[in-house]
Amino acid sequence: MKEKSSDIGVVIGRFQLHELHEAHKGLIKTVLEQHDKTILFIGCTPAIGTKKDPLDFITRKYMGEEEFTFSSILPLYN
(Lines give C-alpha, C1' and ligand atoms only; values in the text may rest on other atoms or scores of the structure.)
Protein backbone atom coordinates (compact mmCIF):
# COMPACT_ATOMS: atom_id res chain seq x y z
CA MET A 1 0.00 0.00 0.00
CA LYS A 2 1.30 3.43 -0.94
CA GLU A 3 1.61 6.24 1.54
CA LYS A 4 -1.33 8.62 1.25
CA SER A 5 -0.73 11.92 -0.45
CA SER A 6 -2.29 15.17 0.68
CA ASP A 7 -4.05 15.85 -2.61
CA ILE A 8 -7.65 15.00 -3.45
CA GLY A 9 -8.63 11.85 -5.30
CA VAL A 10 -11.54 11.91 -7.74
CA VAL A 11 -13.73 9.07 -8.97
CA ILE A 12 -16.15 9.74 -11.82
CA GLY A 13 -18.80 7.23 -12.85
CA ARG A 14 -22.41 6.70 -13.86
CA PHE A 15 -23.06 3.61 -11.71
CA GLN A 16 -26.37 2.78 -13.43
CA LEU A 17 -26.53 -0.71 -11.89
CA HIS A 18 -28.44 -1.81 -8.81
CA GLU A 19 -25.19 -2.53 -6.98
CA LEU A 20 -21.52 -1.72 -7.38
CA HIS A 21 -19.65 -4.57 -9.07
CA GLU A 22 -16.12 -5.69 -8.21
CA ALA A 23 -14.44 -3.42 -10.80
CA HIS A 24 -16.21 -0.37 -9.32
CA LYS A 25 -15.20 -1.42 -5.82
CA GLY A 26 -11.59 -2.04 -6.82
CA LEU A 27 -11.26 1.36 -8.46
CA ILE A 28 -12.84 3.15 -5.50
CA LYS A 29 -10.69 1.29 -2.94
CA THR A 30 -7.52 2.17 -4.86
CA VAL A 31 -8.36 5.87 -4.96
CA LEU A 32 -9.42 5.95 -1.28
CA GLU A 33 -6.18 4.23 -0.23
CA GLN A 34 -4.00 6.72 -2.09
CA HIS A 35 -5.65 9.99 -1.01
CA ASP A 36 -6.60 11.69 2.25
CA LYS A 37 -9.78 13.06 0.66
CA THR A 38 -11.80 11.58 -2.18
CA ILE A 39 -14.71 13.06 -4.11
CA LEU A 40 -17.14 10.84 -6.00
CA PHE A 41 -18.77 12.53 -9.00
CA ILE A 42 -21.80 10.70 -10.32
CA GLY A 43 -22.66 11.40 -13.94
CA CYS A 44 -26.28 12.55 -14.22
CA THR A 45 -28.71 13.31 -16.99
CA PRO A 46 -32.09 15.07 -16.88
CA ALA A 47 -33.73 11.82 -18.08
CA ILE A 48 -34.52 9.53 -15.15
CA GLY A 49 -36.20 6.16 -15.25
CA THR A 50 -35.24 5.36 -18.83
CA LYS A 51 -33.72 2.08 -19.94
CA LYS A 52 -30.29 3.74 -20.21
CA ASP A 53 -30.65 5.76 -16.96
CA PRO A 54 -32.90 3.80 -14.59
CA LEU A 55 -31.47 5.14 -11.30
CA ASP A 56 -31.62 8.68 -9.93
CA PHE A 57 -28.69 10.48 -8.28
CA ILE A 58 -29.87 9.90 -4.69
CA THR A 59 -30.14 6.12 -5.18
CA ARG A 60 -26.63 5.95 -6.62
CA LYS A 61 -25.29 8.26 -3.90
CA TYR A 62 -26.65 5.93 -1.19
CA MET A 63 -25.14 2.97 -3.02
CA GLY A 64 -21.68 4.58 -2.75
CA GLU A 65 -22.21 5.53 0.89
CA GLU A 66 -23.19 1.98 1.87
CA GLU A 67 -19.67 0.65 1.42
CA PHE A 68 -17.33 3.65 1.34
CA THR A 69 -16.66 6.96 3.05
CA PHE A 70 -16.10 9.84 0.65
CA SER A 71 -15.29 13.45 1.44
CA SER A 72 -18.14 14.42 -0.91
CA ILE A 73 -20.50 12.81 -3.39
CA LEU A 74 -21.69 15.22 -6.04
CA PRO A 75 -23.74 15.05 -9.24
CA LEU A 76 -21.98 15.79 -12.51
CA TYR A 77 -24.55 16.92 -15.08
CA ASN A 78 -23.87 16.59 -18.78
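In the block above lies the structure referred to throughout.
Given the structure is predicted, the values throughout are model-derived calculations rather than measurements. (Residues numbered from 1 in each chain as written. Predicted model: local features only at pLDDT ≥ 70, side-chain atom pairs only at ≥ 80, totals over all residues. Heavy atoms only, no water.)

(A) A look at unusual backbone geometry. In the Ramachandran plot, Phe-15 falls in the positive-phi region, its phi being about 55 degrees despite a non-glycine side chain. Residue placement: Phe-15 occurs in the loop between strand 1 (5-13) and helix 1 (22-34). Residue Phe-15 is classed as buried on the basis of its relative accessible area of 8%. (Helix = DSSP H or I, 4+ residues; strand = E, 2+ residues; numbered from the N terminus. Buried < 20%, exposed > 50% of the residue type's maximum accessible area, 1.4 Å probe, protein only.)

(B) Representation of the environment of Gln-16. Inspection of the secondary structure puts Gln-16 in the loop between strand 1 and helix 1. Judged by relative accessible area, Gln-16 falls into the buried class, the value being 14%. Sequence spacing of Gln-16 and Pro-54 is 38 residues, and the spatial spacing of their C-alpha atoms is 6.7 Å. Those residues in contact with Gln-16, other than ones at most four positions away along the chain, are Lys-52, Asp-53, Pro-54, Leu-55 and Arg-60. From its side chain, Gln-16 meets the backbone nitrogen of Leu-55 in a polar contact 2.8 Å long. (Contact = heavy atoms within 4.5 Å. Polar contact = N/O pair within 3.5 Å; in protein donor to acceptor, adjacent residues only side chain to side chain.)

(C) The pairing of strand 3 (residues 72-77), seen in detail. As paired elements, strand 2 (residues 35-44) and strand 3 share six bridges and run parallel to each other. Note that in strand 3 the partner of Leu-40 across the bridge is Ile-73. Taking the sense of rotation as the criterion, the β-α-β connection linking strand 2, helix 2 (residues 57-67) and strand 3 turns out right-handed. (Pairing = 2+ DSSP bridges. Right-handed = clockwise from strand over helix to strand, strands pointing away.)

(D) Structural context of the pattern of salt bridges. Using the criterion set out here, one finds four salt bridges in the structure. Between Glu-22 and Lys-25 there is a salt bridge whose closest N-O contact spans 3.6 Å. One end of the pair, Glu-22, and the other, Lys-25, are both in helix 1, three residues apart, so they sit about a helical turn from each other. Using a relative accessible area of 16% as the deciding quantity, one classes Lys-25 as buried. (Salt bridge = Lys/Arg side-chain N within 4 Å of Asp/Glu carboxyl O.)

(E) Representation of helix 1. Helix length check: helix 1, at 13 residues, gives a terminal C-alpha distance of 18 Å against a target of 18 Å (1.5 Å per residue), a fit within 8%. Those residues of helix 1 that fall on the buried side of the exposure criterion are His-24, Lys-25, Ile-28, Val-31 and Leu-32. Each buried residue of helix 1 sits inside an arc of 135 degrees when the element is viewed along its axis, so together they form one side. Relative to its buried face, helix 1 has exposed residues pointing more than 90 degrees away, namely Glu-22 and Ala-23. (Expected span 1.5 Å × (residues − 1). Arc of directions from axis to C-beta.)

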